[in-house]
Amino acid sequence: MSLAVFLPVLAAAAMHASWNAMVKVHLDRFLSVTVLTLGMATMALLAVPFVEFPKAEVWPWILASTIFHMGYKLCLIGAYKAGDLAQTYPLARGTAPLLAAIGGIFVVSEVPGPLAIVGIVLLCAGTLVMSFRGGGHLEKLNLHAVGYALATSVFIASYTLSDGSGARLAASASSYAVYLFLADGIWSLILCLLVRGPQSLPAMARDWKVGIITGGLSGTAYWIVMWAMTKAPIASVASLRESSILFAMLISVFALGEKMTVWRSAAALGIVAGVVALRLG
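Here the residue numbering is sequential within each chain, running from 1 through the sequence in written order. Where local features are concerned, this predicted model is filtered to residues with pLDDT of at least 70; where side-chain atom pairs are given and counted, the filter is 80 or more; whole-chain, interface and lining totals use all residues. Computation of side-chain values: all heavy atoms of the structure, hydrogens and water removed.

**Q** Break down the overall build of the protein for me, citing the residues and quoting the values.
**A** Across its full length, the protein carries 12 helices and zero strands. By residue count, 52% of the 281 residues in the protein fall in the buried class. In the protein, the proportion of contacts linking residues at least 24 apart, taken out of those at least 6 apart, comes to 87%. Counting from the N terminus, the helices are the DSSP runs of H or I reaching at least four residues and the strands are the DSSP runs of E reaching at least two. Each residue gets one of three labels from its accessible area relative to the maximum for its type: buried under 20%, exposed over 50%, partly exposed in between, using a 1.4 Å probe on protein chains only. In this analysis, two residues are considered to be in contact whenever any of their non-hydrogen atoms come within 4.5 Å of each other.

And the structure:
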């Protein structure tokens, strides 16, 4: 991975951690993510005049990705009900890059090099350790919660591969991103109305400013990731993106005053080692 791709993806990971830290706590996470997605769609709508309308062969990837994003959100809803999201969601994020690497071999015929494989494994391991041991002791996960977490990871890997393939086929990553964000925003609103009903609209309307800010950060971060996947192997980019948990740790330690534990230090070293291996690979 060239330095010109490596550094923007690291910046995207930092943005990903930042918008997660900014999500308002008085909205439940499902509504917060919906507001964020609508914010991304709003920003994308402003960019429509400046990008090319996707060709016919690009739309199946956009539609597939929209479906995968919908499945991802539905599985998260299940994860909220089945277990502690602080454990099930990181399990999904930590395993998704491995699934994306395996899927990339069959979908886009990309076989990671030895150093890249080492980097992917180290990043995933560090992410899981940081998530499970970074804030406290690991509690027993029930099989129901694990099932939802693994299903979520499958959808994350699926939309990663779909978006990487679609962005490569489109006239530009920007064109693909704009219309993906619009499609995702429309279907997220429909999903929210189906799951939570019209009474959810006033609650989300009160946080439209937060939606624009977090949506802008999230949209920019994921646009960078999609652009990077047109320049570098999808699995490597997807794994490097998960270094966002390292930035989240730095925010929690230096901004929120949380302690730097032995587990956090070990996980951070694993993530940094994975980042270095991906850069060299």
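**Q** Let's hear about the nonpolar core: which residues, and what values?
**A** Counting residues in each nonpolar core, the largest one holds 58 residues, and the members touching the most others are Tyr-176, Phe-181, Met-226, Val-237 and Leu-240. The element best represented in this core is helix α7 (residues 173-196), accounting for eight residues. When sequence neighbours within four positions are dropped, the list of residues in contact with Leu-240 reads Met-1, Phe-6, Val-9, Leu-10, Ala-13, Leu-123, Val-275 and Leu-278. Buried residues of nine kinds, namely Ala, Val, Leu, Ile, Met, Phe, Trp, Tyr and Cys, make up a nonpolar core once their side-chain atoms join them within 4.5 Å. In terms of nonpolar packing, the next biggest core, distinct from the first, is built from nine residues, Phe-30, Val-35, Leu-191 and Met-204 among them.

**Q** Help me get a handle on the environment of Leu-74, residues and values and all.
**A** In this fold, Leu-74 is placed in helix α3 (residues 59-82). Owing to a relative accessible area of 42%, Leu-74 belongs among the partly exposed residues under this scheme. A C-alpha to C-alpha distance of 9.9 Å links Leu-74 and Ala-151, two positions 77 residues apart in sequence.

**Q** Residue-level account of the pattern of salt bridges, with values.
**A** It is possible for side chains bearing opposite charge to pair when their charged atoms get close. In the sections that follow, a salt bridge refers to a side-chain nitrogen of Lys or Arg positioned within 4 Å of a carboxyl oxygen of Asp or Glu. The tally for this structure, following the rule as stated, stands at three salt bridges. Where Lys-55 meets Glu-57, a salt bridge forms, and the shortest distance between an N and an O atom there is 3.9 Å. Owing to a relative accessible area of 35%, Lys-55 belongs among the partly exposed residues under this scheme. Classification of Glu-57 by relative accessible area gives partly exposed; the value is 41%. The partner of Arg-168 in a salt bridge is Glu-110, and the shortest N-O contact between them spans 2.6 Å. Of the two residues, Arg-168 sits in helix α6 (residues 143-169) while Glu-110 sits in the loop between α4 (85-107) and α5 (114-133), which places them 58 residues apart along the sequence.

**Q** Break down the side chain of Thr-34 for me, citing the residues and quoting the values.
**A** Its location among the elements puts Thr-34 in helix α2 (residues 29-47). Once you skip the residues sitting within four places of it in the chain, Thr-34 turns out to touch Ser-188, Cys-192 and Met-204.

**Q** Tell me about helix α12 (residues 262-280), residues and numbers included.
**A** Taking 1.5 Å of rise per residue, 19 residues should cover 27 Å, and α12 covers 27 Å from first to last C-alpha, within 8% of that figure. Here α12 has its buried residues at Arg-264, Ala-267, Ala-268, Gly-270, Ile-271, Gly-274, Val-275, Ala-277 and Leu-278. By this rule, a helix spans an expected 1.5 Å times one less than how many residues it contains.

**Q** Hey, could you go over a nonpolar patch on the surface for me, with residue numbers and the actual values?
**A** On the surface, Leu-99, Ile-102, Ile-105, Phe-106, Val-107, Val-111 and Val-154 cluster together into a nonpolar patch covering about 660 Å² of accessible area. Considering each element in turn, the nonpolar patch owes the most residues, five residues, to α4. Structurally, Val-154 can be placed in helix α6. Residue class for Val-154 comes out partly exposed when judged on its relative accessible area of 44%. Two distance rules govern patches: like charges are joined within 9 Å, and nonpolar side chains (Val, Leu, Ile, Met, Phe, Trp, Tyr) within 5 Å, applied only to residues with over 30% relative accessible area and no salt bridge. What sets the accessible areas is the Shrake-Rupley method with a 1.4 Å probe; for residues, cover comes only from the shown protein chains.

**Q** Kindly report on the packing of α7 against helix α9 (residues 208-229), identifying the contributing residues and their values.
**A** Two elements in contact, α7 and α9, have axes whose closest approach is 9 Å; the angle formed by their N-to-C orientations is 135°. Between α7 and α9, the angle is such that the two are oblique. Where α7 crosses over α9, the handedness of that crossing is right-handed. The segment α7 lies against α9, with Ala-173, Ser-174, Tyr-176, Ala-177, Leu-180 and Phe-181 engaging Gly-219, Tyr-222, Trp-223, Met-226 and Trp-227. Residues are grouped as follows: Ala, Val, Leu, Ile, Met, Phe, Trp, Tyr, Cys and Pro are nonpolar; Asp, Glu, Lys and Arg are charged; all remaining types, including Gly, are polar. Here the contact of α7 with α9 is built from residues that sort into nine nonpolar, two polar and no charged. Only the stretch in contact is used when a helix axis is fitted, and all axes are lines through C-alpha atoms; the angle between N-to-C directions ranges over 0 to 180 degrees. Relative orientations are named as follows: roughly parallel for angles under 35 degrees, roughly antiparallel for angles over 145 degrees, roughly perpendicular for angles from 65 to 115 degrees, and oblique for any other angle. It is the rotation of the near helix from the far one that decides the hand of a crossing: anticlockwise by less than a right angle makes it left-handed, clockwise makes it right-handed.

**Q** Break down the packing of α2 against α9 for me, with residues and values.
**A** Packed helices, taken two at a time, are described by their axes: the angle between them and the distance between them. Remark: α2 packs on α9, axes separated minimally by 7 Å, with the N-to-C direction vectors making an angle of 75°. Taken together, α2 and α9 sit at an angle that is classed as roughly perpendicular. Residues Val-35, Leu-36, Gly-39, Met-40, Thr-42 and Met-43 of α2 form the contact with α9, whose participating residues are Gly-211, Ile-212, Thr-214, Gly-215, Gly-216, Ser-218 and Gly-219.

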